[in-house]
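Fold and geometry: a report
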Amino acid sequence: MQQFIDSYDFKGKKAIVRVDFNVPLNDKFEITDDTRIRAAIPTLKKVLAGGGSLIIMSHLGRPKGVDAKFSLKHIVDHVAEKLGAPVQFADDCQKADAQAAALKPGEVLLLENLRFYAEEEGKPRGLAEDATDEEKKAAKAAVKESQKAFVAKLASYADCYINDAFGTAHRAHASTALIAKYFPNDKMFGYLMEGEIKAIDNVLKNAKRPFTAIIGGSKVSSKLAVIKNLLGKVDNLIIGGGMGYTFIKAQGGNIGNSLHEDDLMPDALQIIKDCKEKGVNLSLSVATVAADNFDNDANTKVVDIFNIPEGWEGMDASPESLENWKKIILSSKTIVWNGPVGVFEMPNFAKGTLQIAEDLAEATANGAYTLVGGGDSVAAVTKMGYADKVSYVSTGGGAMLEALEGKDLPGIAAVRE
Ligand code: AMP
C-alpha cells in the first residue's frame, strides 16, 4: 500500500491534497503568520516536480456556512508566491468539476473553504436551541447521509490523495479521513505528516532510554490522559508549571494562591503511586518563584514548594528545581516536552521555560532525540528561538496531544488502513 510520497509516480496524475491553511488573518485579510502554508510547500512542490497537478483543499476558521470572511481566496496570491506557480481558485469546493478536469501537469487549483459545507465536519448546523433529542438525531443522520455525496465529489476530482494536514489529523472529517477510502492504492502522507508520524513513533514506539517526559502547562485535567499513557513508557517524569501545585496540595502542602484543581487531587495521588509502582522517577518542583500578584511586575521570592505563604502564588520553576531537571534531561536519550513550566508569557516568569528549552537544545546537541509538541511549549520554544535546536517541533497542538495520549488519529489511520 502506498503511504509516502517519495515513492509515488505523480506523472500525469491529479493529486488532491488536504493541507492545513488555517492561517491567522488580520482585519484587512492579510496573513499574519504563514507558518502553516510554508509547512505544506515541500509536499506541493514534490507533486508538481513529479509531473502532477494539484487540487488543494483546506478549512479556514470556523464558519457556520458560506462566509466571505473565511474565504480561502484571501490566501491565493500568497500560496502562489510560496509555491512559485500560478494558483487557480474554485469558489465552491463542490462545483470544481470542470476546473479540476482541465488541470494540466504543473497546474494548481485551490478549493474554497471546505467548512462552508456542514458535511466537511459531518455535524448538523442551524439546529434550533430547543431542538428535541429526536430532531438532533435526525439532523445528524441527514448530514451524515449527505456527507457521502460531498466526499465522493471531492474524490472524483483526483487520481490520488495526500493528507498533509497534521493539525486536523485528530478529526474524522470528510477531507481528513473519509476521502481516503476512495483511493485504496493511491493514498499517502505528505512530508509534514510523515515528519509528525515519525516523531510520534520515535517517542512512543522506539524511544531510546533513558526516556524522559516533561509535562507542564496550566491544568492536570488537560494532561491527565497524556501522563497516564506516558507513565507506562518513561523512565523519568518531570511535572512542572501550574499543574504541579495540584500534586503538592494533594500531598498536604500549602500552595497559597497557586493554580490548582481540587477535584484532580485523587488523580495526582494515583499518579504518584503509579510512578512508585512502575519505578518511574517522578520529579516535581522542590521550590518555586512565587509572586504576590499574577503580574509581571509583582514582588517575588523563592519559597519551598510545600510552604508557599498565603497571598503568594507559584509562577515559575526555582533555580534548584531547574538544576534537578537539567541533570535528568542531560542524562536522557529521548525527551518529550509538553507545556511550559511557568507563566512564560510574562518575561519575569519565563526563565524556567527558557532554561528547559536550553537544556533540550544541549541534550539534542549531545545526541538525544527531543520532541516538543502539543500546546504552549511549541509557542515558547519558537518565541525563544530554540525551534531549530531540538529534534522536532510539532505543528499540531491538539493532534499531538491526542497522539501522546496514545489515541489512533483518524487522519493517520485512514491512510494506513
Ligand atoms: P497548556 O496550554 O496546558 O500547555 O498551558 C499553558 C499555560 O500554562 C500558559 O499560558 C502558562 O502561562 C500557564 N502556566 C504555566 N505555569 C503556570 C503557573 N505556575 N501558574 C499559572 N499558569 C501557569
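Note: the structure precedes this text.
Residues numbered from 1 in each chain as written. Predicted model: local features only at pLDDT ≥ 70, side-chain atom pairs only at ≥ 80, totals over all residues. Heavy atoms only, no water.

**Considering the overall build of the protein chain**
To be explicit about the condition: Helix and strand labels come from DSSP, where a helix needs a run of H or I of at least four residues and a strand needs a run of E of at least two; each type is numbered from the N terminus. The globule rule used for comparison is 2.2 Å times the number of residues to the exponent 0.38, while the radius of gyration itself is calculated over C-alpha atoms. Buried means the residue's accessible area, taken with a 1.4 Å probe over protein chains only, is under 20% of the maximum for its type, while exposed means over 50%, and partly exposed covers the values in between. It only takes one pair of heavy atoms within 4.5 Å for two residues to be counted as in contact. Only the protein chains shown count as cover for residues, and all accessible areas are computed by the Shrake-Rupley method using a 1.4 Å probe. For the charge count, each Lys or Arg is scored as positive and each Asp or Glu as negative, with His and the chain ends excluded. For charged residues, the charge sits on one atom: NZ in Lys, CZ in Arg, CG in Asp, CD in Glu.
In terms of regular secondary structure, the protein chain is built from 14 helices and 17 strands. Scaling as 2.2 N^0.38, a compact globule of 417 residues should have a C-alpha radius of gyration of about 22 Å, and the protein chain matches this with 24 Å. Burial statistics for the protein chain: of 417 residues in total, 54% are counted as buried. Across the protein chain, the fraction of contacts at a sequence separation of at least 24, relative to all contacts at a separation of at least 6, is 72%. Split by element, the accessible area of the protein chain, about 18,100 Å² in all, is 50% carbon and sulfur. Each charge sign in the protein chain was given a centre, from 49 positive and 56 negative side chains, and these centres are 5 Å apart.

**Things to note about the packing of helix H7 (residues 224-231) against helix H9 (residues 265-278)**
Selection rule: What counts as an axis is a line fitted to C-alpha atoms, over the stretch in contact for a helix, and the angles between N-to-C directions run from 0 to 180 degrees. Roughly parallel refers to an angle under 35 degrees, roughly antiparallel to one over 145, roughly perpendicular to one between 65 and 115, and oblique to any angle outside these ranges. Residues are grouped as follows: Ala, Val, Leu, Ile, Met, Phe, Trp, Tyr, Cys and Pro are nonpolar; Asp, Glu, Lys and Arg are charged; all remaining types, including Gly, are polar.
Across the interface, H7 lies against H9 with an axial gap of 11 Å and an inter-helix angle of 10°. With respect to H9, the element H7 is oriented roughly parallel. Counted together, Leu-224, Ile-227, Lys-228 and Leu-231 of H7 and Asp-267, Ile-271, Asp-274, Cys-275 and Lys-278 of H9 form the full contact between these two elements. For the contact of H7 with H9, the per-class residue count stands at five nonpolar, no polar and four charged.

**Points about the packing of helix H1 (residues 35-49) against helix H2 (residues 76-83)**
Going by this rule: For a crossing to be left-handed, the near helix must be turned anticlockwise from the far one by less than a right angle; the clockwise case is right-handed.
Following both chains from N to C, one finds H1 and H2 inclined at 60°, their axes separated by 9 Å at the closest point. Put simply, H1 runs oblique to H2. The element H1 and its partner H2 pack so that their crossing is right-handed. Of the residues in H2, those in contact with Ile-37, Arg-38, Ile-41, Leu-44, Lys-45 and Leu-48 of H1 are His-78, Val-79, Lys-82 and Leu-83.

**Brief notes about the site of the ligand**
The following threshold applies: We call a residue near a given molecule or strand whenever any one of its heavy atoms falls within 4 Å of it. Polar contacts, as used here, are pairs of N or O atoms within 3.5 Å; protein pairs need one atom able to donate a hydrogen and one able to accept it. Residues neighboring in sequence count only if both atoms are side-chain atoms.
Inspection of the region around the ligand gives 15 residues, with Lys-223, Gly-242, Gly-314, Gly-342 and Glu-345 positioned closest. Here Glu-345 contributes a side-chain N or O atom positioned 2.5 Å from an oxygen atom of the ligand. Within the complex, 84% of the 510 Å² of free accessible area of the ligand lies under protein. Its residues assigned to classes, the shell around the ligand comprises five nonpolar, seven polar and three charged.

**Quick notes on helix H11 (residues 351-365)**
Applied cut-off: Residue count minus one, scaled by 1.5 Å, sets the expected span of a helix.
Compared with the 21 Å implied by 1.5 Å per residue over 15 residues, the 21 Å span of H11 between its first and last C-alpha is a close match. Every buried residue belonging to H11 is among Gly-352, Thr-353, Ile-356, Ala-357, Asp-359, Leu-360, Ala-361, Ala-363 and Thr-364, and all of these are buried.

**Comments concerning the packing of aromatic side chains**
Rules: When the centres of two rings from Phe, Tyr and Trp lie within 6.5 Å, Trp using its six-membered ring, the rings pair. Their planes under 30 degrees apart give stacked, over 60 give edge-to-face, and anything left gives tilted.
For the structure on display, the rule yields four aromatic pairs. For the ring pair Phe-4 and Phe-189, a centre distance of 5.9 Å and an interplane angle of 45° mean the geometry is tilted. In this pair, Phe-4 sits in the segment before strand E1 (14-18) while Phe-189 sits in strand E6 (residues 187-189), placing the two residues 185 residues apart along the sequence. On the accessibility criterion, Phe-189 (0% relative accessible area) is buried.

**Considerations on the pairing of strand E16 (residues 369-372)**
Walk down a regular strand and you will see the side chains alternate between the two sheet faces. Cut-off, in case you're wondering: Strands pair, by our definition, only if DSSP identifies at least two bridges between them. Look down the strands so they point away from you; if going from the first strand over the helix to the second traces a clockwise path, that crossover is right-handed.
On E16, burial covers both faces: Tyr-369 and Leu-371 on one face and Thr-370 and Val-372 on the other are all buried. Sheet analysis places strand E15 (residues 334-338) next to E16, joined by four bridges and oriented parallel. The residue of E16 that forms the bridge with Thr-334 is Tyr-369. In this region the chain leaves E15, passes through H11 and returns to the parallel neighbour E16; the handedness of that crossover is right-handed.

**Focus on the sheet that holds strand E7 (residues 211-215)**
With parallel pairing, six strands are arranged side by side in an open sheet as E10-E8-E7-E15-E16-E17. The open sheet has two edge strands, strand E10 (281-284) and strand E17 (392-393), and neither has a second partner. Two elements, E7 and E15, share five bridges in a ladder whose sense is parallel. Paired with Thr-212 across the two strands is Ile-335, which belongs to E15. Here H11 sits on the sheet and contacts E7, E15 and E16; the angle it forms with E15, its principal contact strand, is near 155°.

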